[in-house]
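Each chain is listed here by its residues.
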Amino acid sequence: MLQIEQLKKSFEGYQAIANANLSVPQGEVVAVIGPNGAGKSTLFNLITGHLTADSGSIRFQETDITQFTPHQICHHGIGRSFQLINIFSSLTVFENIQTAVLAKHRLDRKLFKPAKKLLKEETLEVLNSFGLVRYKDHLCSSLSYGDQKVLEIAIALGSKPKLLLLDEPTAGMSPDETNRIVQLIKRLSKDEGLTILLTEHDTDLVFDVAQKIMVLHQGETIAQGLPEDIRSDKSVQKAYLGEAEVC
Ligand SMILES: Nc1ncnc2c1ncn2[C@@H]1O[C@H](COP(=O)(O)OP(=O)(O)O)[C@@H](O)[C@H]1O
Ligand SMILES: [Mg+2]
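A brief report on the enclosed structure follows. What you see is a predicted model; the values in this text were computed from it and never measured.

**Focus on the site of ligand 1**
If you check the shell around ligand 1, you find Phe 11, Tyr 14, Ala 16, Pro 35, Asn 36, Gly 37, Ala 38, Gly 39, Lys 40, Ser 41 and Thr 42 and nothing else. Within the side chain of Tyr 14, an N or O atom sits 3.5 Å from an oxygen atom of ligand 1. Residue Gly 39 places a main-chain N or O atom 2.9 Å away from an oxygen atom belonging to ligand 1. Within the complex, the protein chains bury 59% of what would otherwise be the 560 Å² of accessible surface of ligand 1. Taken together, the elements giving at least two residues each to the shell around ligand 1 come down to strand S2 (14–24) and helix H1 (40–47).

Take a look at the structure:
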C-alpha cells in the first residue's frame, strides 16, 4: 500500500533522514521503532506532506505522493494523529467530531434540514463506536488525557483514511489508558481492516500489535520484517534493543 525508497531529508545540513526504506502491506499494523531522535516523526511528516523530502520516493497505492501537499495526501486516503494533542479544546466533543464528519463530506455548516439530521446521526454513530457518547457535550479540555487521545484518533478517522498514521499514540499514558489504545488499534485493524502505521517507544506494545516492524537508526532503516526476525536481528540488537531486552 505504501512504498518508501531511499528517502532523505536534511535540516540545515543535519541529515535527520539519511536513508529510509519502508513497505507497508495493506491491512497490516506496521511499527517504526528507534531511539529518540532517530527520525520517526520526521519520517511521518514526510509521508503526510508536512515536510518535503530532499530525495527518494514515497508511493501510496501506485501514486507517487513525494511532492504532494498535506491536503492532497489526506484526500488520497492517509490520515494521521499527531504526537501532541491536536484537537480544538474550546469545542465540545460533539462539535469536534462533527467538524471531522463535515470535512469528510466536504460540506460547510450552512446545511439544509435533512442533511443536518444525517450529520447529527453520523456524528453520534462515531461517538458511540469510540465510547465517547457520554462526553458529547463536554468541552474537550475537560476530558482525561486518554479520552483526548481516543478523540484525536476518532477525528483522524473522520476523513475515512485507508492508511492511519499514529505517532506515539500512548506517549504519557497510564497502563490503563495504554491498554485502551492497544485494544482500539487491534479493533480498527481486525474489524475494520484499516492499515495502520505507528511509531512507539514501548517495545512490548510494538511486539504485541505489529505484524511488521521497521527499525530506524540515525535516520537510516537498518532492518524491516516480521517481529520475530527483528527480535533476532544482530544489527538491531546492537543498535537499539539491547541484549537484555531480546533474550
Ligand atoms: N524542523 C526541524 N528542524 C531542525 N531539526 C529537526 C526538525 N525536526 C526534527 N529535527 C531533528 O531531526 C532529528 C530527528 O527528529 P525526530 O524525527 O523528531 O525523531 P524521533 O521522532 O525519532 O524522536 C532530531 O535530531 C531532531 O532534532
Ligand atoms: Mg517523535
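**Notes on helix H3 (residues 93–104)**
Taking 1.5 Å of rise per residue, the 12 residues of H3 would be expected to cover 16 Å, and the 17 Å separating its terminal C-alpha atoms lies within 8% of that figure. All of the buried residues along H3 are Val 93, Phe 94, Asn 96, Ile 97, Gln 98, Ala 100, Val 101 and Leu 102.

**Regarding the packing of H3 against helix H5 (residues 145–158)**
Two numbers describe how H3 lies on H5: the axes approach to 8 Å, and their chain directions differ by 20°. Between H3 and H5, the angle falls in the class roughly parallel. Along this stretch, H3 crosses H5, giving a crossing that reads as right-handed. Packed against H3, whose contacting residues are Val 93, Asn 96, Ile 97, Ala 100 and Lys 104, the element H5 presents Leu 151, Ala 154, Ile 155 and Gly 158 at the interface.

**What about the environment of Gly 146?**
Turning to its location among the elements, Gly 146 is positioned in helix H5. For Gly 146, a relative accessible area of 4% corresponds to the buried category. Sequence separation of Gly 146 and Gly 158 is 12 residues, and the distance between their C-alpha atoms is 19 Å. Contact partners of Gly 146, with chain neighbours within four places excluded, come to Met 173, Glu 177 and Arg 180.

**Here's the deal with the state of the cysteines**
Overall, the coordinates contain 0 disulfides when judged by the stated rule. No disulfide involves Cys 74; its sulfur sits 19 Å from the nearest other cysteine sulfur, which is in Cys 140.

**So, the packing of aromatic side chains**
Tallying each qualifying case throughout the model produces 0 aromatic pairs. Here the guanidinium or amino end of Arg 187 rests over the ring plane of Phe 130, the centre of that ring lying 5.6 Å away. We note Arg 231 situated over the ring of Phe 207; from NZ or CZ to the ring centre the distance is 4.0 Å.

**Quick notes on unusual backbone geometry**
Positioned with a positive phi, Gln 6 is a non-glycine residue whose angle comes to about 45°. Inspection of the secondary structure puts Gln 6 in strand S1 (residues 2–11).

**Points about the pattern of salt bridges**
Any two side chains of opposite charge can pair, on the condition that their charged atoms come close. Going through the model one piece at a time under the given rule, you end up with 8 salt bridges. When the shortest N-O distance is used, the salt bridge between Asp 137 and Lys 136 registers 3.3 Å. Using a relative accessible area of 56% as the deciding quantity, one classes Asp 137 as exposed. For Lys 136, a relative accessible area of 29% corresponds to the partly exposed category. The closest approach of N and O atoms between Asp 147 and Arg 180, which form a salt bridge, is 2.6 Å. With Asp 147 in helix H5 and Arg 180 in helix H6 (residues 175–190), the pair connects residues that are 33 residues apart, well separated along the chain. Ionic contacts of the salt-bridge type, sharing partners, join the residues Glu 5, Arg 59 and Glu 62 into one network.

The rules we used
Residues numbered from 1 in each chain as written. Chains lettered and ligands numbered in written order. Predicted model: local features only at pLDDT ≥ 70, side-chain atom pairs only at ≥ 80, totals over all residues. Heavy atoms only, no water. Near = heavy atom within 4 Å. Polar contact = N/O pair within 3.5 Å; in protein donor to acceptor, adjacent residues only side chain to side chain. Areas by Shrake-Rupley, 256 points an atom, 1.4 Å probe, with all protein chains shown as cover. Helix = DSSP H or I, 4+ residues; strand = E, 2+ residues; numbered from the N terminus. Expected span 1.5 Å × (residues − 1). Buried < 20%, exposed > 50% of the residue type's maximum accessible area, 1.4 Å probe, protein only. Axes fitted to C-alpha atoms, helices over the stretch in contact; angles between N-to-C directions. Parallel < 35°, antiparallel > 145°, perpendicular 65-115°, else oblique. Left-handed = near helix turned anticlockwise from the far one by under 90°. Contact = heavy atoms within 4.5 Å. Disulfide = S-S within 2.5 Å. Phe/Tyr/Trp six-rings, centres within 6.5 Å; stacked < 30°, edge-to-face > 60°. Lys NZ or Arg CZ within 6 Å of the ring centre and 35° of its normal. Salt bridge = Lys/Arg side-chain N within 4 Å of Asp/Glu carboxyl O.

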